[in-house]
Amino acid sequence: MKTPCIAACKNEGGICIGCKRTITEIIEWKSMTDIQRENVMDRLSGKTSTHTCPECEQPAQCDIKMGKETCWCFEVETRDVGIISENSECLCQHCLSKKPIA
Ligand SMILES: [Zn+2]
């Protein structure tokens, strides 16, 4: 089974700082279909993206924009991202995991 795990798992407010998956994704990983796993890995690698992260300008993905009802970021603890204007896009999982938990 493919996994982005780099054996450096540490739960940082709902995001693994090693592989950047959400804890929910890690828990559900084994029961996901291959396609679901591919989708997560594509998001983590920036292969699929909906916008660029306003902080690092790397590819970021908002699942809502992909047509889903929830976003991966709903599963992680709310972060203190500072002042973000209403139109600004979501941070990528790398930047979000570095922010202090609100
Ligand atoms: Zn970023």
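About the criteria used
- Residues numbered from 1 in each chain as written.
- Predicted model: local features only at pLDDT ≥ 70, side-chain atom pairs only at ≥ 80, totals over all residues.
- Heavy atoms only, no water.
- Helix = DSSP H or I, 4+ residues; strand = E, 2+ residues; numbered from the N terminus.
- Rg over C-alpha atoms; globule rule 2.2 N^0.38 Å.
- Buried < 20%, exposed > 50% of the residue type's maximum accessible area, 1.4 Å probe, protein only.
- Areas by Shrake-Rupley, 256 points an atom, 1.4 Å probe, with all protein chains shown as cover.
- Lys, Arg positive; Asp, Glu negative; His and termini not counted.
- Charge placed at Lys NZ, Arg CZ, Asp CG, Glu CD.
- Donors = N, O, S within 2.8 Å, 3.2 Å for Na, K, Ca; no water.
- Core = buried A, V, L, I, M, F, W, Y, C linked by side-chain atoms within 4.5 Å.
- Contact = heavy atoms within 4.5 Å.

As annotated in an unreviewed UniProt entry, the chain is DUF1289 domain-containing protein from Aliivibrio sifiae.

**As for the overall build of the chain**
Each helix and strand counted, the chain has three helices and four strands in total. Taken against the 2.2 N^0.38 rule, which gives 13 Å for 102 residues, the C-alpha radius of gyration of the chain at 13 Å falls within 12% of a compact globule. With the C-alpha coordinates of the chain rotated into their principal frame, the extents come out at 40 × 30 × 20 Å. Scored against the burial criterion, the 102 residues of the chain give a buried share of 35%. On the chain, roughly 6,300 Å² of surface is accessible, and the fraction owed to carbon and sulfur atoms is 53%. A distance of 7 Å separates the average location of the 13 positive side-chain charges in the chain from that of its 15 negative side-chain charges.

**Some thoughts on the coordination of the zinc ion**
Coordination of the zinc ion by the protein involves C53 (SG), C56 (SG), C92 (SG) and C95 (SG), with metal-donor separations of 2.2 to 2.3 Å. Of note, the zinc ion draws all its donor residues from one chain, in the sequence arrangement C-x2-C-x35-C-x2-C.

**A few points about unusual backbone geometry**
Phi at K20 is positive, roughly 70°, even though this residue is not glycine. Residue position: K20 is located in the loop between β2 (15-16) and α1 (23-28). Even without a glycine there, the phi angle at E57 is positive, about 60°. Residue position: E57 is located in the loop between β3 (51-52) and β4 (59-60). Owing to a relative accessible area of 61%, E57 belongs among the exposed residues under this scheme.

**Considering the nonpolar core**
I15, C53, A60, C62, C71, W72, V76, L91, C92, C95 and L96 together form the largest nonpolar core, which totals eleven residues. If sequence neighbours within four positions are ignored, L96 has contacts with I15, W72, C73, V76, R79, V81 and L91.

**Observations regarding the side chain of T22**
Within the fold, T22 resides in the loop between β2 and α1. Judged by relative accessible area, T22 falls into the buried class, the value being 0%. Dropping the residues within four chain positions of it, T22 is found in contact with G14, I15, W72, E75 and V76.

**Observations concerning the environment of V40**
Along the chain, the position of V40 falls in helix α2 (residues 34-45). V40 sits in the buried class, given a relative accessible area of 7%. For V40 and R21, which are 19 residues apart along the polypeptide, the C-alpha to C-alpha distance reads 7.8 Å. Among all residues touching V40, those that are not within four sequence positions of it are R21, E25, W29 and M32.

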